[in-house]
Amino acid sequence: TNEEEAAAPIALYALQKQYHIKHEEMIDFGHDMDKYISLLVHRCEYYRRRAHCVLDEQYAAENGVDNVRDSTLMKEAQAVFEDTARFMEHQMLNQWALLFYTFYTDFLSRFCGEIRRARDVWETFIKHRGKEWNVWLAFIEWEGSFGEMDAVAPSSRKRRGNIGGDDGDDDDDDDEDTDTT
C-alpha cells in the first residue's frame, strides 16, 4: 500500500541506525523492507529455539541455571523480541508480521508466563489484520494452548435459536418414533 511504501524509507533508516548498517551495505542489500523484516523474524526464531534449551532440565543443570526466567539467555531473548516488537508495530501489514506475532506471543506465554500481555498483543494485531482467516486461525491456536480454561456457562436452546433442528416449542414431537396405527 502507499502508506507502507512511504514508511519504508523511515523504517530502513531506523534499522540502519539501530544495527549500525553502513550505507554501502544497505544499497548492496537493497531497499526491500521484507528482507530486513525476514532477518528480524528469523533472529527471533533463533532466540525462541534457544529459549527451549534453557527450559531443558539437563541444560539448566549443566549450566547452573536456577531460575529459568531470570537466566541471561532468557533476558537476552526477551530484549531481542521486545526490540523487534517495537519495530513491527509499524509493519503490521507486512507479510512477515503474522509469523513474528505468532513467535512473540508464544515466547511471552511459554517462556515469560505473560499470558495477559500476549493476549493484548494478539488483540492489537487483530485490530489491524482481523479480516484475514489465517490471523484468526493463529490466534485460536494460541488461545487453545495458552488461553484461560474457564467453564462455559450453559445456554438455553431458546436463546440459540433453531440449532440442531429444534423448532423452539416445548412439546417433544421430534422424539417420538412409535407408530400409532
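Before reading further, recall that the structure is shown in the block above.
Student: Run through the pattern of salt bridges, naming residues and quoting values.
Tutor: Summed over the entire model, instances satisfying the criterion amount to 12 salt bridges. Here R117 ties to E82 by a salt bridge, and the two come within 3.4 Å at their closest N and O atoms. Of the two residues, R117 sits in helix α7 (residues 115-129) while E82 sits in helix α5 (residues 72-88), which places them 35 residues apart along the sequence. Across the pair D120 and R116 runs a salt bridge whose closest N-O atoms are separated by 2.5 Å. A residue pair is termed a helical-turn pair when its members lie 3 or 4 positions apart in one helix, as D120 and R116 do in helix α7 at 4 residues. Here the salt bridges do not stand alone but share partners, grouping E45, R48, R49, D106 and R110 into one network.

Student: Run through the packing of helix α6 (residues 97-110) against α7, naming residues and quoting values.
Tutor: Their axes nearest at 8 Å, the elements α6 and α7 cross at an angle of 165°. Comparing the axis directions of α6 and α7 gives the class roughly antiparallel. Where α6 crosses over α7, the two elements pack in a sense that is left-handed. In this structure, α6 uses A97, L98, Y101, T102, Y104, T105, L108 and S109 to contact α7, whose residues at the interface are I115, R117, A118, V121, W122, F125 and R129. By residue class, the composition of the contact of α6 with α7 is 10 nonpolar, 3 polar and 2 charged.

Cut-offs applied
Residues numbered from 1 in each chain as written. Predicted model: local features only at pLDDT ≥ 70, side-chain atom pairs only at ≥ 80, totals over all residues. Heavy atoms only, no water. Salt bridge = Lys/Arg side-chain N within 4 Å of Asp/Glu carboxyl O. Helix = DSSP H or I, 4+ residues; strand = E, 2+ residues; numbered from the N terminus. Axes fitted to C-alpha atoms, helices over the stretch in contact; angles between N-to-C directions. Parallel < 35°, antiparallel > 145°, perpendicular 65-115°, else oblique. Left-handed = near helix turned anticlockwise from the far one by under 90°. Contact = heavy atoms within 4.5 Å. Nonpolar A, V, L, I, M, F, W, Y, C, P; charged D, E, K, R; others polar.

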